[in-house]
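# Structural overview for review
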Amino acid sequence: MRKVLVTGGAGYIGSHACKALAGSGYLPVVFDNLSQGHREFVQWGPLEVGDLCDAARIETVLREHRPVAVMHFAALALVEESVFEPEAYFRNNVVGSFNLLRALRACSISTIVFSSTCATYGTAATPEIDETHVQEPVNPYGASKLAVEHMLRGYAVAYDLASVALRYFNACGADAGGGIGERHEPETHLVPRLINAVIEGAGAPFQVRGEDYATDDGTCIRDYVHVSDIADAHVAALRYLEDGAKGFHAFNLGSGRGHSVRQVIASVERVTGRPVNAVAAPRRAGDPPKLIANADRAFRELGWTCRHRELDDMVASAWQWRLKSTDAYAGASA
């Protein structure tokens, strides 16, 4: 089986990509420092524990396994945290990625699929964002991802590195098989936080961070895309490069539909049959008001589309994962 090194493959999106790779005939080799990932999510290939800030370690792993390509997920990814701890984000996301690219050159590996983000765009200037939209990040997280895209462009020109950057919007949901899902410590993403809130019941009220945005109900609007669809897109991008695409390419991943925070709350209440005790709170630092994807390019060139388009279905998959993983979830920080 052809090996693909998956940095951050023990994490939420990376583990789903590993499952998709295995289902497509590849052997995913996970490279993860386990600071945010989980050993039990590594189910389809070997685990190599390491950190991209350790340049020697990543080169050693690449020389040992000789993968045909790399999928690069490893990154710090909390928007608000990046505003207050930018140094950590530039060190981990930018320096770590630079170490990876140097190691690829040293090991004569010329194919990489990069996990980028819609946060590289910043505040939307159009109702839908396509890949030609200006990239002006409003937080250090988005800036760190954009810096890696710039590196990929430079490496494509100078060193013939073929790369795809997938700028996905808000990942949510969980694997239909129930074996992997979204589990962060602390949890910052909206859908799992709402699910935690309904499970806790009489716990602290759920804070809606900002109700004064220029949207219909005053709350942020985001484009939610199922994590399994994102995983499928990574495999499609890998095949796109293996079929001969050269240079740097960027694709949006999203459903093309926007949902406000209040609409997501309503979805969670419908799916779970339980109320959410939501209260207004100040805005979260670094949040643009509205982000909706135009993913037509991915459909045309990668043959990719969203199989999961309904918000309630995405929320339901996250709810089922949470119910099946109660014991593991409770022990996540143990």
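Residues numbered from 1 in each chain as written. Predicted model: local features only at pLDDT ≥ 70, side-chain atom pairs only at ≥ 80, totals over all residues. Heavy atoms only, no water.

### Digging into the packing of aromatic side chains
A full pass over the atoms with the stated rule returns three aromatic pairs. Aromatic side chains Y155 and Y159 sit 4.9 Å apart centroid to centroid with 70° between the ring planes, which places their arrangement in the edge-to-face category. Within this pair, Y155 and its partner Y159 are both found in helix α5 (residues 140-159), separated by four residues, close to a single helical turn. Y155 gets classed as buried once you look at its relative accessible area, which sits at 11%. Residue placement shows R105 over the ring face of Y159; its charged tip is 3.6 Å from the ring centre. Over the ring of Y213 we find R283, and its NZ or CZ is 3.9 Å from the ring centre. (Phe/Tyr/Trp six-rings, centres within 6.5 Å; stacked < 30°, edge-to-face > 60°. Helix = DSSP H or I, 4+ residues; strand = E, 2+ residues; numbered from the N terminus. Buried < 20%, exposed > 50% of the residue type's maximum accessible area, 1.4 Å probe, protein only. Lys NZ or Arg CZ within 6 Å of the ring centre and 35° of its normal.)

### Looking at the environment of I230
With respect to the helices and strands, the residue I230 is situated in helix α7 (residues 227-242). Overall, the relative accessible area of 0% leaves I230 in the buried class. Taking the C-alpha atoms as reference points, I230 and S97, 133 residues apart in sequence, are found 21 Å from one another. If sequence neighbours within four positions are ignored, I230 has contacts with I13, Y168, A171, V225 and L253. (Contact = heavy atoms within 4.5 Å.)

### Structural notes on the sheet that holds strand β12 (residues 259-260)
Judged by pairing direction, the sheet is mixed, and its three strands sit side by side in the order β12-β9-β14 without closing on themselves. Of all strands in the sheet, those bounded by a partner on one side alone are β12 and β14 (290-291). Where strand β9 (residues 221-222) lies against β12, two bridges are found, and the strand directions are antiparallel. Within β12, the residue paired with I221 across the bridge is S260. (Pairing = 2+ DSSP bridges.)

Note that all results are geometric; they support no functional claim without further evidence.
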